[in-house]
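Examining the three-dimensional arrangement
Chain by chain, the residues:
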Amino acid sequence: MASLGAKVLQTRSVELAMAKRVPVRVLSSFIEPDENGVLPAKSGTLICDEEEIVEKRIVSGVTMSRDEARITLLGLSDRVEAPADVFTRLAEANVNVDMIVQSQARSEGAVNLTFTTGRRDAQRAAELMRAAQGEIGFEEIRVDEDVAKVSVVGVGMRSHAGVAQTMFRALADKGVKFQAISTSEIKISVLIDAAYAELAVRALHSAYGLEIV
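Figured I'd write up the structure that's included with this text. (Residues numbered from 1 in each chain as written. Predicted model: local features only at pLDDT ≥ 70, side-chain atom pairs only at ≥ 80, totals over all residues. Heavy atoms only, no water.)

1. Some thoughts on the sheet that holds strand β8 (residues 187-193)
Going by this rule: Strand pairing requires that DSSP identify at least two bridges connecting the strands. Runs of H or I in DSSP of at least four residues are treated as helices and runs of E of at least two as strands, each being numbered from the N terminus. Each axis is a line fitted through C-alpha atoms, and for a helix only the stretch in contact is used; angles between axes span 0 to 180 degrees, taken between their N-to-C directions. Contacts were defined at the residue level, with two residues in contact if any of their heavy atoms lie within 4.5 Å.
Strand order across the open sheet formed by six strands is β4-β5-β3-β6-β8-β7, with antiparallel pairing between neighbours. A strand with exactly one partner marks an edge of an open sheet, and here the two such strands are β4 (97-104) and β7 (178-184). Each adjacent strand pair in this sheet contributes to an overall mean axis angle of 25 degrees, direction not counted. Bridge analysis of strand β3 (residues 61-77) against strand β6 (residues 140-153) gives eleven bridges, and the strand direction is antiparallel. Within β6, the residue paired with T72 across the bridge is R142. Against the sheet, helix α2 (residues 82-92) makes contact with β3, β4 and β5 (110-117), and its axis sits at roughly 25 degrees relative to β5, the strand it touches most. Running at roughly 125 degrees to β3, helix α6 (residues 197-207) makes contact with β3, β6 and β8 of the sheet.

In structure tokens form, the structure reads like this:
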């Protein structure tokens, strides 16, 4: 959740705790200890190994990140090496890529390749692509920084069906269209228009029965 946009914890702190298997408890600054200086045993949120959790919620949280940009290469040559050429150049320039979607282009022998990156890297990535347009072989590049990534996260997703269906139905009921999808065994992320970000987060909290803090 920290890596997907939750602002409570710094991502690196969670990585270190996970690597060293150190449980982390996140507390509210408004919680006060008792007369002996001891905090309530079940206060805050405990972050620990999955095996230590007795009951797993299917979805434990919904996150949102506005630090996203979508870049689309239209009319990319449909040769096997083309995507590798694109992402090799980005990797060499230390540009991190998240979501990737490839679809058939209107012209024969070409595809449209869409990927997302951090907003701060968007223009640099676009400049790299434009500089190598002739070598990579694409017709046009489009950059959209008015997007947001909304994700649902939960270890219970590994063993429960219907999580994706609930997410997409909740978004559809609110008229929210998604532009790209990224999944793993514990999260589903969708890229949407930034104007619908807050609406999407509230709809998903409601759909999964989560409390909005």
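From this point, things continue past the structure.
2. A short note on the pattern of salt bridges
We count it as follows: For salt bridges, the criterion is a side-chain nitrogen of Lys or Arg within 4 Å of an Asp or Glu carboxyl oxygen. Whether a residue is buried, partly exposed or exposed follows from its accessible area with a 1.4 Å probe, protein chains only, as a fraction of its type maximum: under 20%, in between, or over 50%, in that order.
A complete count under the given rule lists twelve salt bridges for this structure. In this structure, R79 and E81 form a salt bridge, with 3.9 Å as the shortest nitrogen-oxygen distance. Classification of R79 by relative accessible area gives partly exposed; the value is 29%. The exposure class assigned to E81 is partly exposed, which follows from its relative accessible area of 49%. One salt bridge in this structure joins R89 and E135, with 2.8 Å as the shortest N-O distance.

3. Topic: the pairing of β4
Where β4 lies against β5, six bridges are found, and the strand directions are antiparallel. In the sheet register, V97 faces β5, and the bridge partner there is T117. Taking the residues between adjacent antiparallel strands as the criterion, β4 and β5 are bridged by five residues, where G109 takes a positive phi near 75 degrees.

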